[in-house]
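# Residue-level structure breakdown
One-letter residues, chain by chain:
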Amino acid sequence: MHSGNAPSAADAESALLTIARVGAVLSVGLNRPAKRNALNDGIMLAIRQCFTDIPADVGAVVIHGVGGHFSAGLDLSELRERDATEGLVHSQTWHRVFDLIQYCRVPVIAALQGAVIGGGLELACAAHIRVADPSAYFALPEGSRGIFVGGGGSVRLPRLIGVARMADMMLTGRVYSATDGVVHGFTQYLTEAGGALDKAMELGARVATNAPLTNFAVLQALPMIAEANPQTGLLMESLMATVAQSDQEAKTRIRAFLDHKTAKVRPT
Ligand code: 1HE
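None of these values were measured; they are calculated from a predicted model.

## A word on the packing of aromatic side chains
The geometry of an aromatic ring pair is captured by the separation of the ring centres together with the interplanar angle, meaning the angle of the planes. One pass over the structure, following the stated rule, counts three aromatic pairs. With 5.5 Å between their ring centres and 65° between their planes, Trp-94 and Phe-98 make a pair best called edge-to-face. Remark: Phe-98 and Trp-94 occur in helix H3 (residues 84-102); sequence separation between them is four residues, near one turn of the helix. When the centroid spacing of 5.3 Å and the interplanar angle of 40° are considered together, the rings of Tyr-176 and Phe-186 count as tilted. Remark: Phe-186 occurs in the loop between helix H8 (178-184) and strand E10 (189-190) and Tyr-176 occurs in strand E9 (residues 176-177); sequence separation between them is ten residues. Classification of Phe-186 by relative accessible area gives buried; the value is 1%. Grouping aromatic residues by their ring pairs yields a cluster made of Phe-138, Tyr-176 and Phe-186.

This is the structure in structure tokens:
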């Protein structure tokens, strides 16, 4: 359990995930530390179940790795047993599970430490915000294992770091440090040692207070708009802006600002 926050009575432990509620934030821990949180079929099913059943009063999810690592990626011991057809089905299953994260009703924040490798990096890419501590490192050893990414990495990762950087990682086995990771777009936050989970929980608590329509717009509309042709995108933006600002929540919040009852924007 992360420091400073007592879990509620609704906390649940399962073998493959640790799940805890801290206020409006659901903390989800990958829990195979002896295997560096390698992603086997069981843990993928547990993630699918967890993200299918996000309680209505949860406002953000933080996903992290139990032990010193986020995830060593695909459980390679399961790969040995798959033929080509099973491989396709497996990859598409991963796509569906990670889509549940990307298109989650609430923001998902990944707290990263240690190995963020292969499928572990693909999982992290499906989150909306990534926070790393200095121990985190990023790698795609698929190239040296004779395989390819299969969890949406070739779609999501180039949008963060660019195709050339991803190709280099896969071809040469290049490993990026946490410091390089924040510079090159793998993550948005770099914390002090051991601070990723607490920072992610702090961010989770904050984003959970946003107007639900704002979070919807950022999670569901923004990525679609960014991929659309400009004219379609601009129209979608106008429609989304109109829906958001006509919501009572927006009116209340803007009134609070005009009445000097809410925080101003200040430089950091
Ligand atoms: C694993 C896995 C795994 C560890 N599958 N069992 N991913 C990789 O190619 C990364 C492979 N793992 C490693 O390079 C290292 O294990 C780590 C850098 C992550 C950690 O090193 P270390 O020294 O802390 O631990 P370790 O002793 O190597 O591993 C501890 C145990 O975890 C050990 O098992 P044990 O029974 O001997 O104790 C390891 O075998 C086991 N383990 N990683 C299975 N990945 C949808 S496509 C996605 C494609 C990919 O993700 S490819 C990348 C796969």
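## Structural notes on the nonpolar core
Ranked by size, the top nonpolar core spans 46 residues in total, and within it Phe-51 and Phe-138 carry the most contacts. For this core, the elements supplying multiple residues, two or more each, are strand E3 (25-30), helix H1 (41-52), strand E4 (60-65), H3, strand E5 (108-112), helix H4 (119-126), helix H6 (153-161) and helix H7 (163-172). Looking at which element gives the most residues to this core, the answer is H1, with six residues. Beyond its immediate sequence surroundings of up to four residues, Phe-51 is in contact with Val-61, Ile-63, Leu-100, Ile-101, Cys-104 and Val-108. In terms of nonpolar packing, the next biggest core, distinct from the first, is built from 14 residues, Val-62, Ala-196, Met-201 and Leu-203 among them.

## Notes on unusual backbone geometry
Phi is positive for Arg-36, which is not a glycine, with a value near 55°. Backbone geometry at Asn-37 places phi at a positive 60°, although glycine is not the residue there. Topologically, Asn-37 is positioned in the loop between E3 and H1.

## Looking at the layout of surface pockets
Put simply, the largest pocket is a space of about 930 Å³. Taken together, the elements giving at least two residues each to the lining of the largest pocket come down to H3, H4, strand E7 (129-132), H6, helix H9 (196-207) and helix H10 (212-227). With eight residues, H10 is the single largest residue contributor to the lining of the largest pocket. Its residues placed into classes, the lining of the largest pocket shows 19 nonpolar, ten polar and six charged. There is about 510 Å³ of room inside the second largest pocket.

## Re the domain arrangement of the chain
What the domain assignment lists for the chain is domain 1 (9-207) and domain 2 (212-258). Of note, the centres of domain 1 and domain 2, computed from C-alpha atoms alone, are 27 Å apart. Listed as interface residues are eight residues of domain 1 and, on the opposing side, five residues of domain 2. Buried area between domain 1 and domain 2, both sides added, is near 570 Å², and the carbon and sulfur share of it is 48%. Of all residues in domain 1, Tyr-103, Pro-107 and Arg-159 give up the largest surface area on contact with domain 2, accounting jointly for 57% of the area buried on that side. Taken together, domain 1 and domain 2 are joined by one salt bridge. Measuring nitrogen to oxygen at the nearest pair gives 2.7 Å for the salt bridge that ties Arg-159 to Glu-227. At the junction of domain 1 with domain 2, the criterion picks out four residue pairs in polar contact (both at pLDDT 80 or more). The residue makeup of the side of domain 1 that touches domain 2, split by class, is five nonpolar, one polar and two charged.

## Here we look at the packing of H10 against helix H11 (residues 230-245)
One way to put it is that H10 packs onto H11 with a least axis distance of 10 Å and a crossing angle of 175°. By the angle between their axes, H10 is roughly antiparallel relative to H11. Each of Leu-213, Phe-216, Ala-217, Ala-221, Met-224 and Ile-225 in H10 lies in contact with H11, whose residues at this interface are Gly-233, Met-236, Glu-237, Met-240, Val-243 and Ala-244. Here the contact of H10 with H11 is built from residues that sort into ten nonpolar, one polar and one charged.

## Some thoughts on the pattern of salt bridges
Scanning the model with the defined rule gives eight salt bridges in all. Taking the shortest distance from any N to any O, the salt bridge between Asp-57 and Arg-21 comes out at 3.2 Å. Here Asp-57, found in the loop between H1 and E4, pairs with Arg-21, found in strand E2 (residues 17-22); they are 36 residues apart in sequence, far enough to count as distant. Look at Asp-57 and you get exposed, because its relative accessible area is 52%.

## Quick word on the sheet that holds strand E8 (residues 137-139)
The three strands are arranged E6-E8-E9 in an open sheet whose pairing can be described as mixed. Of all strands in the sheet, those bounded by a partner on one side alone are strand E6 (115-117) and E9. One ladder, built from two bridges, connects E8 with E9; its direction is antiparallel. Paired with Tyr-137 across the two strands is Ser-177, which belongs to E9. Contacting E6 and E8, H4 runs over the sheet at an angle of about 90° to E6.

How each quantity is defined
Residues numbered from 1 in each chain as written. Predicted model: local features only at pLDDT ≥ 70, side-chain atom pairs only at ≥ 80, totals over all residues. Heavy atoms only, no water. Phe/Tyr/Trp six-rings, centres within 6.5 Å; stacked < 30°, edge-to-face > 60°. Helix = DSSP H or I, 4+ residues; strand = E, 2+ residues; numbered from the N terminus. Buried < 20%, exposed > 50% of the residue type's maximum accessible area, 1.4 Å probe, protein only. Core = buried A, V, L, I, M, F, W, Y, C linked by side-chain atoms within 4.5 Å. Contact = heavy atoms within 4.5 Å. 1 Å grid on protein atoms, 1.4 Å probe; cavity = no way out; pocket = protein on both sides within 12 Å on 5 of 7 lines; lining within 4 Å. Points joined across faces, edges and corners; volume = space filled by probe spheres on them. Nonpolar A, V, L, I, M, F, W, Y, C, P; charged D, E, K, R; others polar. Domains from an automatic or database assignment. Buried area = accessible area lost by both parts, 1.4 Å probe. Salt bridge = Lys/Arg side-chain N within 4 Å of Asp/Glu carboxyl O. Polar contact = N/O pair within 3.5 Å; in protein donor to acceptor, adjacent residues only side chain to side chain. Axes fitted to C-alpha atoms, helices over the stretch in contact; angles between N-to-C directions. Parallel < 35°, antiparallel > 145°, perpendicular 65-115°, else oblique. Pairing = 2+ DSSP bridges.

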